[in-house]
Amino acid sequence: MERNAYFDNARWILMFFVVFGHTIQPFTEENHIIDVTYHWIYTFHMPAFIFVAGFFAKGNLTKEYVLHLMKKLLLPYAAFQVLYTVYYFLIGKEDWLHLPFEPHWALWFLVSLFCWHLLLYWYKRLPKYMALFIAVQLGIIVGYMDPIGHMFSLSRTFVFFPFFLLGYWFSQKEIQWLTQWRVKGIGLIVMATTAFLLVITPNFSIDWFLSSKSYATMEMSEWGGMARLGVYTISAIMMFSVLSWIPSKEYRWSKYGTRTLYVYLLHGLFIHVFREYELFSVNSFLDGAMLAVLSILITWILSSHKVALLSKPLIEMYKYIPVRKRQHTNSYNV
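Quick caveat, the model's predicted, so the values are computed rather than measured.

Cut-off values and rules
- Residues numbered from 1 in each chain as written.
- Predicted model: local features only at pLDDT ≥ 70, side-chain atom pairs only at ≥ 80, totals over all residues.
- Heavy atoms only, no water.
- Buried < 20%, exposed > 50% of the residue type's maximum accessible area, 1.4 Å probe, protein only.
- Helix = DSSP H or I, 4+ residues; strand = E, 2+ residues; numbered from the N terminus.
- Arc of directions from axis to C-beta.
- Contact = heavy atoms within 4.5 Å.
- Core = buried A, V, L, I, M, F, W, Y, C linked by side-chain atoms within 4.5 Å.
- 1 Å grid on protein atoms, 1.4 Å probe; cavity = no way out; pocket = protein on both sides within 12 Å on 5 of 7 lines; lining within 4 Å.
- Points joined across faces, edges and corners; volume = space filled by probe spheres on them.
- Nonpolar A, V, L, I, M, F, W, Y, C, P; charged D, E, K, R; others polar.
- Polar contact = N/O pair within 3.5 Å; in protein donor to acceptor, adjacent residues only side chain to side chain.
- Salt bridge = Lys/Arg side-chain N within 4 Å of Asp/Glu carboxyl O.

A. Region of the structure containing helix α13 (residues 268-276). Among all positions in α13, only Gly268, Ile271, His272 and Phe274 are buried. Projected down its long axis, α13 shows its buried positions confined to an angular sector of 155°, all on one face. At its buried positions, α13 is contacted by α1 (5-24), α4 (63-91), α12 (260-266) and α14 (285-302). Downstream of α13 by one or two residues, Glu278 has phi in the positive range, about 50°.

Written out as structure tokens, the structure is:
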């Protein structure tokens, strides 16, 4: 598909929020403003990122396409699962050893993305509203099942799938409507209102937006489904509000949006060092602003052409695997 500046910009901006959210996470308990900012980011950043991924999905289920997905998504998963295991051990992280199908930290996204592409093949055959209704219902139901959690990224796969579906069904025309100034105005009000409500309301577990735990684990065994429906509503409204403010114009930095997978997989090498050795602290607004600048630098550096060249054999190793060409026989040959 031809490059689209809007989506390149969206990927890079959303990736900054991913990095910034991970950077400030250790300071959420000691600083209320940081905690509000952290919760505010998590209301939209992964749903929006998944929405963008869904927009470019094909929904094929041919043998060739599935093999392509396996090489593109599961090979990097396996490589980085090993890399982060060794890396965590070297920096002294306590929970450094994970089972092969228990994704380290942010690697769940690769497993879920692979599954979303497979699920899409079946869901796209249904009427849109019926498919979305079923996807949301499954996302709600899995919260009542304690065995479905972080392993195999099953919980997040079902809970976040509706956003992938929404992205798949959105057209370029609807994206243009989304970026109208009237919609931007509504979006700005929504974003400001959400921030205000997060300031004045009691703290609630960020696990509701992480979507990797059961309702029982989050101490809401009976009414967890209603709570998740509320989270779906908040995340959808916030997602569209933020996406309405993504610029459609191509900028010099837009090209970095084509390399966000590099940032996603590599930024943990920075973040976990920061956390393990407590390299930063937040005692003022200036400290928080410096962490934002640091997050921009990390996102920019890891999406640079030089980093891409160095890490491409690991992240895009599927491009280095020789493709076996089919041999065509001539019926006139003996």
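From this point, things continue past the structure.
B. Inspection of the nonpolar core at higher detail. Counting 98 residues, the largest nonpolar core has Phe109, Trp116 and Tyr264 as the members making the most contacts within it. Examining the composition of this core, we find that 11 residues originate from one element, α1, more than from any other. What Trp116 contacts, discounting residues up to four positions off in sequence, is Ile50, Trp108, Phe109, Arg156, Thr157, Phe160, Phe161 and Phe164.

C. Inspection of empty space enclosed by the protein at higher detail. Under the defined criterion, the tally for this structure stands at 2 cavities of 30 Å³ or more. Taken as a whole, the largest cavity holds about 70 Å³ of empty space. In this structure, the largest cavity is lined by Tyr42, Pro47, Val159, Phe160, Phe163, Trp208, Phe209, Ser211, Arg228, Val231, Tyr232 and Ser235. The dominant element in the lining of the largest cavity, judged by the number of residues it contributes, is helix α11 (residues 224-243), at 4 residues. Broken down by element, the residue count for the lining of the second largest cavity peaks at 3 residues, all from helix α2 (residues 32-42). Residues belonging to the lining of the second largest cavity are distributed by class as follows: 4 nonpolar, 3 polar and 1 charged.

D. Structural view of the side chain of Thr28. Note that Thr28 resides in the loop between α1 and α2. For Thr28, a relative accessible area of 12% corresponds to the buried category. Polar contacts involving the side chain of Thr28 include one to the main-chain carbonyl oxygen of Gln25, which spans 3.0 Å. Leave out the neighbours within four places in its chain, and Thr28 touches Ile34, Asp35 and Tyr38.

E. Looking closely at the pattern of salt bridges. Under the criterion given, the structure shown has 2 salt bridges. Across the salt bridge formed by Asp8 and Arg11, the nearest N and O atoms sit 3.2 Å from each other. Taken together, the residues span about one helical turn, with Asp8 and Arg11 both in helix α1 at a distance of 3 residues. Considered together, Asp8 and Arg11 belong to a single accessibility category, that of buried residues. The shortest N-O distance in the salt bridge between Asp207 and Lys213 comes to 3.2 Å. For Asp207, a relative accessible area of 16% translates into the label buried.

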